[in-house]
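Residue-level listing of the chains:
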Amino acid sequence: MAEVVLKKISKQYENGVYAVKDVNIEVANKEFMVLVGPSGCGKSTTLRMIAGLETITSGELYIDGALMNDVSPKDRDIAMVFQNYALYPHMSVFENMAFGLTLRSFSKDEIKKRVHDAAEILGLTDYLDRKPKALSGGQRQRVAVGRAIVRKPKVFLFDEPLSNLDAKMRVQMRTEISKLHKRLEATMIYVTHDQVEAMTMGDRITVMKDGFVQQIDTPLHLYTKPVNRFVAGFIGSPAMNFITGKLAVVDNEIRFKEESGDLDLHLPDSLPAIFKSKIGSKVVLGIRPEDIHVSFQESESMVKGQALVEVVEPMGNEVFIYLNSALTGTAGTAMVSRSAIRTIPTPGMVLPIGFDTGKLHFFDAESGLVIQE
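Structure report, in brief.

Reading the values: rules and limits
Residues numbered from 1 in each chain as written. Predicted model: local features only at pLDDT ≥ 70, side-chain atom pairs only at ≥ 80, totals over all residues. Heavy atoms only, no water. Pairing = 2+ DSSP bridges. Helix = DSSP H or I, 4+ residues; strand = E, 2+ residues; numbered from the N terminus. Salt bridge = Lys/Arg side-chain N within 4 Å of Asp/Glu carboxyl O. Buried < 20%, exposed > 50% of the residue type's maximum accessible area, 1.4 Å probe, protein only.

Topic: the pairing of strand β12 (residues 253–258)
Right, on to step 1. In terms of strand pairing, strand β11 (residues 241–250) meets β12 through six bridges, oriented antiparallel. Bridge pairing in β12 places Lys 246 opposite Lys 257.
Right, on to step 2. Remark: two residues form the turn of the hairpin made by β11 and β12, two consecutive strands paired antiparallel; Asp 251 in that turn has positive phi of roughly 55°.
Right, on to step 3. Looking at chain direction, β12 and strand β13 (residues 264–266) are connected through three bridges and run antiparallel. Bridge assignment links Lys 257 to a residue of β13, and that residue is Asp 264.

So this is what it looks like as structure tokens:
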């Protein structure tokens, strides 16, 4: 297998619009890298440039140390799995998986061995004589993956391969692809708009927005140490809560006062000096739903306030409580708490809430960048 390196890769169309701008990504040998972001962020365009299906306007692409900008797709030693499976309906599963090898004039014995080995890995041995129309969506996707496996390429590319499957099948298939990565010890680059897929599958994740890379990091670091408000809000489900306000000093205490609601939080004196330099400035406080506690014991590790319950969603093992920081009127900030409490509140109640001070994030209100500790 091989590493993939993108150096200042850009894609500009004839109308002057950039789909991708100055992308720098290094995918290590045997790594599972996920490109994630909303529709139109440039992730699929980036993948297609790696595959050679889109020309590179500027920058350099290396696969296994070799410059690939002007190398044709068939000579890049990559295999791509598409969203729509791209199977030939008139061919059997065996023929679909063998097609690429047949074009490359592999011997019949080698083709048979590779196809049967891949079919065993993917649980397709009993389906090799069937046509695609006789298969389920998940089985068709496995055939598409099998067609890539038999090639034994340096790099596997996946372009939103699970988006056509139902929720249960998506969970099953992402587990199978993760197992496949470990078994093959392959370099894989996987594009998705689903941050749950990204978090559960990737060794590292590249978050993109509007053609630019926002952050490249491990799933845990993306979740706990986002570099800006976009990454903080995109990664995590339900999304991070954001509350706009100002830092102030009242009676020698540092407080966060919400701009549009009733939250007035006493912050710990142990806040780093950078936060004290923001006194009087407009900032955005970020807090994950699981770090808003609607039932808590008195603790110095909490900052405390009150919120109005608007909607309650019991999920079985946990409850999503949709809150509003305004106790009266229609202003305030909508928030959601993810809680394991057994006593379910009712809409209209005003509840005490606690924020874990070790889990607070602060962002610059204008740039959206995290205020570094």
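What to know about the pattern of salt bridges
Any two side chains of opposite charge can pair, so long as their charged atoms come close to each other.
Right, on to step 1. Scanning all chains against the criterion turns up 13 salt bridges.
Right, on to step 2. The shortest N-O distance in the salt bridge between Lys 30 and Glu 185 comes to 3.8 Å. Of this pair, Lys 30 sits in the loop between β2 (18–27) and β3 (32–36) while Glu 185 sits in the loop between α5 (167–184) and β8 (187–192), placing them 155 residues apart in sequence.
Right, on to step 3. Among the residues examined, Lys 30 registers a relative accessible area of 40% and is labelled partly exposed.
Right, on to step 4. On the basis of relative accessible area, Glu 185 is assigned to the partly exposed category, the value being 46%.
Right, on to step 5. Through salt bridges that share partners, Lys 11, Arg 48 and Glu 54 make up one connected network.

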